Amino acid sequence: MRMKNVLVLALVALLAVFSVSAGGASEEDANVIKIGFIGPLTGDNANYGIRCSNAARLAINEINEAGGINGMQLQLIAEDSQGAVDRAISSYEKLAYTDNVVAIIGPVFTSPALAVAQRCYEDGIVMITPSATHKDVTSVGNWVYRTVPSDSLQSEVAAHYFYEVLGYRSIACLYAMNDYSQGLAEGVEEIFTALGGTITSMQTCMVGDRDFRTQLGEIRSTNPEAIYIPNYTVEDAQILEQASQLGMSIPFLSSDGFSDPEIYNLAGDFTEGVIYVGPAQAEASTLLSDFQEAYSAAYNGDAPDSFATNSYDAMYILRDAVTRVFENGGALSDIDAFRSMVNDEMKATDDFQGANGTINFAANGDMVASQGVYRVENQTPIYLGSFQVVDNHIVQVD
Amino acid sequence: MTTLIQYLQYFLNGITLGAIYALIALGYTMVYGILKFINFAHGDILMVGAYTGLLTYTALLGDSTNGAWMLIAFFLAMLVSMAFCAILGMFIEKVAYKPLRNANRLAPLLSAIGVSFILSNGAAWIFGTQSRRFPYPFDDTPIVIAGLSITPHQILTIVVSIIMMIVLTSFVNKTRMGKAMRATSLDQPTSELMGIDVNHVISMTFAIGSALAAVGGILASFDFRVSASMGTMTGLKAFVAAVIGGIGNIQGAMLGGIILGILESVGAPLLGIPSSLRDAIAFAVLIIILLVKPDGILGKNEREKV
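What counts and what doesn't
- Residues numbered from 1 in each chain as written.
- Chains lettered and ligands numbered in written order.
- Predicted model: local features only at pLDDT ≥ 70, side-chain atom pairs only at ≥ 80, totals over all residues.
- Helix = DSSP H or I, 4+ residues; strand = E, 2+ residues; numbered from the N terminus.
- Buried ≥ 20, exposed ≤ 12 C-beta atoms within 10 Å, placed from the backbone.
- Contact = placed C-beta atoms within 7 Å.
- Pairing = 2+ DSSP bridges.
- Axes fitted to C-alpha atoms, helices over the stretch in contact; angles between N-to-C directions.
- Core = buried A, V, L, I, M, F, W, Y, C linked by C-beta atoms within 7 Å.
- Domains from an automatic or database assignment.
- Expected span 1.5 Å × (residues − 1).
- Bend = angle between axes of the 7 residues up to and from the residue.
- Nonpolar A, V, L, I, M, F, W, Y, C, P; charged D, E, K, R; others polar.
- Parallel < 35°, antiparallel > 145°, perpendicular 65-115°, else oblique.
- Left-handed = near helix turned anticlockwise from the far one by under 90°.

### Here's the deal with the overall build of chain A
- Looking only at helices and strands, chain A has 12 helices and 15 strands in total.
- Principal-axis analysis of the C-alpha atoms gives chain A an extent of 75 × 60 × 40 Å.
- Counting every position in chain A, which comprises 398 residues, the buried fraction comes to 54%.
- Partitioning the intrachain contacts of chain A with sequence separation of at least 6 by distance along the chain shows that 67% fall at a separation of at least 24.

### Brief notes about the sheet that holds strand β5 (residues 144-146) of chain A
Residue and element names in this part refer to chain A.
- Ordered by their spatial adjacency, five strands build an open sheet running β2-β1-β3-β4-β5, and the pairing between neighbours is parallel. Two strands lie at the open edges of the sheet, namely β2 (73-80) and β5, each paired on one side alone. With strand direction ignored, the average angle separating the axes of adjacent strands in the sheet is 25°.
- Relative to β2, strand β1 (residues 32-39) runs parallel, the two being bridged by eight bridges. Along β2, the bridge assignment pairs phenylalanine 37 with alanine 78.
- Across the sheet, helix α2 (residues 46-65) lies against β1, β2 and β3 (103-105), angled at about 170° from β2, the strand it touches most.
- Contacting β1, β2 and β3, helix α3 (residues 85-98) crosses the sheet at an angle of about 155° to β2.

### Focus on the nonpolar core
- If you look at the biggest cluster of nonpolar residues, it comprises 118 residues, and the most contacted ones within it are Ile35, Ala103, Met127, Leu174 and Tyr312 of chain A.
- Considering each element in turn, this core owes the most residues, 11 residues, to helix α11 (residues 306-327) of chain A.
- Counting only domains with at least three residues in this core, you end up with domain 1 (12-148 + 284-359) and domain 2 (152-279 + 371-396) of chain A.
- What alanine 103 of chain A contacts, discounting residues up to four positions off in sequence, is Ile35, Ile125, Val126, Ile128, Leu318 and Val342 of chain A.
- Among the nonpolar cores identified, the runner-up in size contains 84 residues, and Tyr32, Ala123, Met165 and Leu219 of chain B belong to it.

### What about helix α10 (residues 250-271) of chain B?
Residue and element names in this part refer to chain B.
- Look at α10: 31 Å from first C-alpha to last across 22 residues, which is about the 32 Å you get at 1.5 Å a residue.
- The sharpest bend along α10 measures roughly 35° and falls at serine 265, with the proline proline 269 sitting one to four residues further on.
- In terms of residue burial, α10 counts as a mostly covered element, since 18 of its 22 residues are buried.

### A word on the sheet that holds strand β8 (residues 226-229) of chain A
Residue and element names in this part refer to chain A.
- An order of β7-β6-β8-β9-β10-β13-β14-β15 is seen for the eight strands of this open sheet, with the pairing classed as mixed. At either margin of the open sheet sits one strand with a lone partner, and together these are β7 (198-205) and β15 (393-396). When strand polarity is set aside, the average angle formed by the axes of neighbouring strands in this sheet is 30°.
- The pairing of strand β10 (residues 275-279) with strand β13 (residues 371-377) spans five bridges and is classified as antiparallel. If you follow valine 277 over to β13, its bridge partner there is valine 373.
- Each of β6 (170-176), β7 and β8 touches helix α6 (residues 179-194); the most contacted strand, β6, lies at about 165° to it.

### Considerations on the domain arrangement of chain A
All names here are of chain A.
- The domain architecture assigned to chain A consists of domain 1 (12-148 + 284-359) and domain 2 (152-279 + 371-396).
- Put simply, the middle of domain 1 and the middle of domain 2, counted by C-alpha atoms, are 31 Å apart.
- Where the side of domain 1 that touches domain 2 is concerned, the elements lending two or more residues are α2 and α4 (110-123).
- Sorting elements by how many residues they give to the side of domain 1 that touches domain 2 places α4 first, with three residues.

### Thoughts on the interface of chain B and chain A
- Taken together, the contact pairs 26 residues of chain B with 23 residues of chain A.
- Put simply, the parts of the chain that give the side of chain B that touches chain A at least two residues each are α1 (4-35), α8 (198-224) and α10 of chain B.
- By residue number, the principal contributor to the side of chain B that touches chain A is α1 of chain B, which donates five residues.
- Class assignment for the residues of the side of chain B that touches chain A results in nine nonpolar, 14 polar and three charged.

### Considerations on the pairing of β6 of chain A
Residue and element names in this part refer to chain A.
- The buried count for β6 comes to six of seven residues, which makes it a mostly enclosed element.
- In the sheet, β6 pairs with β7 via seven bridges, with the strands oriented parallel. Bridging across to β7, isoleucine 171 finds its partner in isoleucine 199.
- Sheet analysis places β6 next to β8, joined by three bridges and oriented parallel. Within the sheet, the bridge partner assigned to isoleucine 171 lies in β8 and is alanine 226.

### Observations regarding the packing of α1 of chain B against α8 of chain B
Residues and elements named next belong to chain B.
- It is the contact of α1 with α8, at a shortest axis distance of 8 Å, that shows an interaxial angle of 165°. In terms of orientation, α1 lies roughly antiparallel with respect to α8. The way α1 lies across α8 gives a crossing that is left-handed.
- A class-by-class count of the residues in the contact of α1 with α8 yields 17 nonpolar, five polar and no charged.

### Some remarks on unusual backbone geometry
Residues and elements named next belong to chain A.
- Along the chain, glycine 106 connects to proline 107 via a cis peptide bond; the corresponding omega equals -20°.
- If you check the backbone angles, asparagine 223 has positive phi at about 55° while not being a glycine.
- Topologically, asparagine 223 is positioned in the loop between α7 (213-222) and β8.
- Residue classification places asparagine 223 among the exposed residues on the basis of 11 C-beta atoms within 10 Å.
- Look at aspartate 391: it is not a glycine, yet its phi comes out positive at around 50°.

### Topic: the environment of valine 226 of chain B
- One can find valine 226 of chain B in the loop between α8 and α9 (230-245).
- Counting along the chain gives 96 residues from valine 226 of chain B to glutamine 130 of chain B, while the straight-line C-alpha distance between them is 8.5 Å.

What follows is the structure, encoded as structure tokens:
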């Protein structure tokens, strides 16, 4: 009995010491502007999250080297969501309540982004996702921004491009049951059908499935002119390879998930001829090439994907907003007011010049953008141009 | 409309999937037969087998593109991986299961789950979490006959699985060690009294089961890719296959594996439901089978005699 009491006392003492030292640490941190990041840093889709957080960290290092903001240094606190909603929520809670970040970049994937967007709205924290494309992400409150075009924009351009430019009248879709893939597939289905085309088959799979031969067989029997596969790289790679194993020679169409170079490691030559709709290529600017060089130099020659570029831009947009907050007298000591001012300044973003070109936000926080179309040749995406839909017709912008 | 030829195609794909499940199910069923214990780390052994195979194969191959050497290197890699996994299997048994043999039945089960996490987290730490390709050691251009297509790697999967099953069956039925295994599975204390070295039999069971898992892992890499988490779902399905066939029964494990593979491939189009529900369909059918025959298709109904 006595032994137990001693143990309990020792524990209490230990806890007390820890809480004091933790308190001390946060005092010292008062001169650091913390930015949160949520994305998959481990797991099958870690390639997306790692590149996005790397790009944000690169931007922060550059900003810090240039003197930081208002004499303060920036710090990126990157939390691993593993691409899962529950993990993303606990990451969010740590960032929002323990780390007291001024804003959050991420989440990288759509489903976690939808969940975290709701919490950001409730707590009043700016969230900028570099990659979550579901049309509903920005419809949760007015604290959410994105530096990636919305799905509705992407599926609109995709459906018009397939119908008007490629001249397809019948296509099939094979998509995973997650918000990202389903959102795109259903968007294309709706618009392609409205244009007068036929969707011969809507086949589904689960994220993590590795055998798509049954779905591909079903699609083949409906004889479409092309197959639309708006999925992440691991699934898309497997679909392309198995289609070839089944002796199918139907062309494949894909989405911005295909812009991650990991696809060439996984699917190699099976990617030949795939046409995908993704981010528009920025006007030839030194900002983009400088970013790509700096990224490559900082991360062992790795090449950034389009989402990483978006993440880099998001960080600089945020820097500008935070800079203006300080100019308007904001102080980190009142974190709630500060966060609210950051939101006001995000809305004031006007013709931001980033690696992706000129960025403006629509009233709902969506990026105003056109879409790029690419065709894969010899494991390299060839840029076919950037497009917008005007008056229900596709128009090439450049 | 799904045509007959398509169903045949799905059937064929299902058999390839099923052959892999069957190979892995053998390991579950052998261990259960002898120890009445589910080795939940078995799925992760297949992952270790896949990585060992991949690393050995790439190391042996070097820059060579010689077709014959690729095949030889592939089979050598398979042997190395089988040997490595056999030793690993025996080691795990000695360290994590043997000390618990007389403990509460739940203790070795938890120990197995612990080993499973150690293996998969360890692999994720060493190799990273990204999926990797296992390069084909041959030209994998599909062979199309009468609208049915089959790839060389599918043929390889089926052939290797059949060979492994024949070898295993004759080993268990024809050799002294096989006889000792059968005796141990029937009645361990009596076998011990008859002079059978039960510890040795158990070690051999783990070695053989793990070597089969290594083969299953390498064959599965072509279809599932190599990743630290590849063993989880594949292992779970193989376990289910073993239960369906009648756990503890070697022929049952093979049958269960093939049935599960075919159900997964054919189930969704046959019932006209979305393919994303394929696992749900397969498992629903399995529940029905178990309701009708709780001991599995080939399982013996052994009641305790009063």
